[in-house]
Protein chains: 2
Amino acid sequence: MTGGPVASVSTEPAAAPDRLAAARGDCPLCGADDHKAVHLVARSRDWRVVRVLDNPDHPAFWRVIWNDHAAEMTDLEPHQRSALMQTVCKVEAVVRRELQPFKVNLASLGNVVPHLHWHVVARWQDDPHFPQPIWGTRQRDGVPAHLMRLEVGLPHVDRAIQAELMSR
Amino acid sequence: MTGGPVASVSTEPAAAPDRLAAARGDCPLCGADDHKAVHLVARSRDWRVVRVLDNPDHPAFWRVIWNDHAAEMTDLEPHQRSALMQTVCKVEAVVRRELQPFKVNLASLGNVVPHLHWHVVARWQDDPHFPQPIWGTRQRDGVPAHLMRLEVGLPHVDRAIQAELMSR
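Residues numbered from 1 in each chain as written. Chains lettered and ligands numbered in written order. Predicted model: local features only at pLDDT ≥ 70, side-chain atom pairs only at ≥ 80, totals over all residues. Heavy atoms only, no water.

## Regarding the pairing of strand β4 (residues 103-108) of chain B
Alright, step 1. The element β4 of chain B is largely enclosed, with a buried count of six among its six residues.
Alright, step 2. Residue alternation in β4 of chain B divides its side chains into two sets, Lys103, Asn105 and Ala107 of chain B and Val104, Leu106 and Ser108 of chain B, and both sets are buried.
Alright, step 3. Where strand β4 (residues 103-108) of chain A and β4 of chain B come together, three bridges link them in antiparallel fashion. Along β4 of chain B, the bridge assignment pairs Leu106 of chain A with Ser108 of chain B.
Alright, step 4. Pairing analysis gives five bridges linking β4 of chain B to strand β5 (residues 117-123) of chain B, with the strands arranged antiparallel. Residue pairing for β5 of chain B: Val104 of chain B is matched across the bridge by Ala122 of chain B. (Buried < 20%, exposed > 50% of the residue type's maximum accessible area, 1.4 Å probe, protein only. Helix = DSSP H or I, 4+ residues; strand = E, 2+ residues; numbered from the N terminus. Pairing = 2+ DSSP bridges.)

## Digging into the pairing of β5 of chain B
Residues and elements named next belong to chain B.
Alright, step 1. When you tally the buried positions in β5, you get seven out of seven residues, the bulk of the element.
Alright, step 2. Neither face of β5 is open: one carries His117, His119, Val121 and Arg123, the other Trp118, Val120 and Ala122, and all of them are buried.
Alright, step 3. When strand β3 (residues 61-66) meets β5, the two strands line up antiparallel, connected through five bridges. In the sheet register, Trp62 faces β5, and the bridge partner there is Val120.

## A short note on the relation of the copies chain B and chain A
Alright, step 1. The two copies are related by a screw motion: chain B maps onto chain A through a turn of 180° and a shift of 0.0 Å along the axis, at an RMSD of 0.0 Å. Read as a symmetry element, the transformation amounts to a two-fold axis.
Alright, step 2. A shared interface surface links the copies, since 100% of the contact residues of chain B are contact residues in chain A too. (Least-squares fit on C-alpha atoms with pLDDT ≥ 70 in both. Contact = heavy atoms within 4.5 Å.)

## A look at the pattern of salt bridges
All names here are of chain A.
Alright, step 1. In the structure shown here, the tally under the stated rule is 17 salt bridges over all chains.
Alright, step 2. Here Arg48 makes a salt bridge to Asp33, at a shortest N to O gap of 2.7 Å. With Arg48 in strand β2 (residues 47-52) and Asp33 in the loop between α1 (17-20) and β1 (38-43), this residue pair connects regions lying 15 residues apart in the sequence. For the pair formed by Arg48 and Asp33, the shared burial category is buried. (Salt bridge = Lys/Arg side-chain N within 4 Å of Asp/Glu carboxyl O.)

## Points about the sheet that holds β4 of chain B
Alright, step 1. On the basis of which strands lie adjacent, the open sheet formed by ten strands has the order β1(A)-β2(A)-β3(A)-β5(A)-β4(A)-β4(B)-β5(B)-β3(B)-β2(B)-β1(B) and antiparallel pairing. Of all the strands in the sheet, the pair left with one neighbour each is β1 of chain A together with β1 (38-43) of chain B. Sheet twist, expressed as the average angle between the axes of neighbouring strands with direction ignored, equals 20°. (Axes fitted to C-alpha atoms, helices over the stretch in contact; angles between N-to-C directions.)

Printed below as a string of structure tokens:
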């Protein structure tokens, strides 16, 4: 992968200045992450993984963000796409192992923020939108006990994602 | 890729019987595609590409379906995931080149049909759901002239996708 060894993953939030030079001025994913809305789980030179904190219906929700400003997968070189999807799949694998969701949803949409990022969302049959996508019509309230148990376990899942991304 | 050379892509709808043996009996994507709802664009041993015919709001909509029954990307071997995403990216590349959409949406959800398939949807700012995902709240009617122009061009895009998938 272009980002150097995955072992270079760190939790440092700072982006290298030469990267920011290529940012679009008004792109929220080119600037520093809003740390109230997300928790930084891991970062390499090329991508970062954050957990989404502002979706109470779906707390088991991560994003894998390409650091440079690109809109589409096919804006990346093939080896970069591959590195990005390998990261997405590592996150999926850890989430499945740790949380045993009914389904994992993966999506790269970017209609609102056209800066390449992948949503990785663990889904359960009793979650507020199932079987709809999380952007679809809300079907029911979440089960408080289930949501609370999830919340408690998420820092452990973050650490497991970190460990997975740091292994080769 | 495991599916042999991409040049083995054909438009033959028949699935090899040994593949169907591994199907889940009630899985609609393990059986023959419903040819009223989709148009088969290309097929290899491992995957097939269909155009979705039953979403009038979003006619520029393809699916890349893994032929064997698997639910998640991480149910596949890494080289299979790579082959599948390369196919998704080839479809995206052709769709961008031929239709110049404002954005492409990629998603693997599978909440309703947990058989691995990728949605590839071309999006425009005046489409019925933009900037929402196509599963979100409808924002407006589509522009008939735009939709009609799209429809007329789609068989050409299908052929371009076929050509791209048959090139190495």
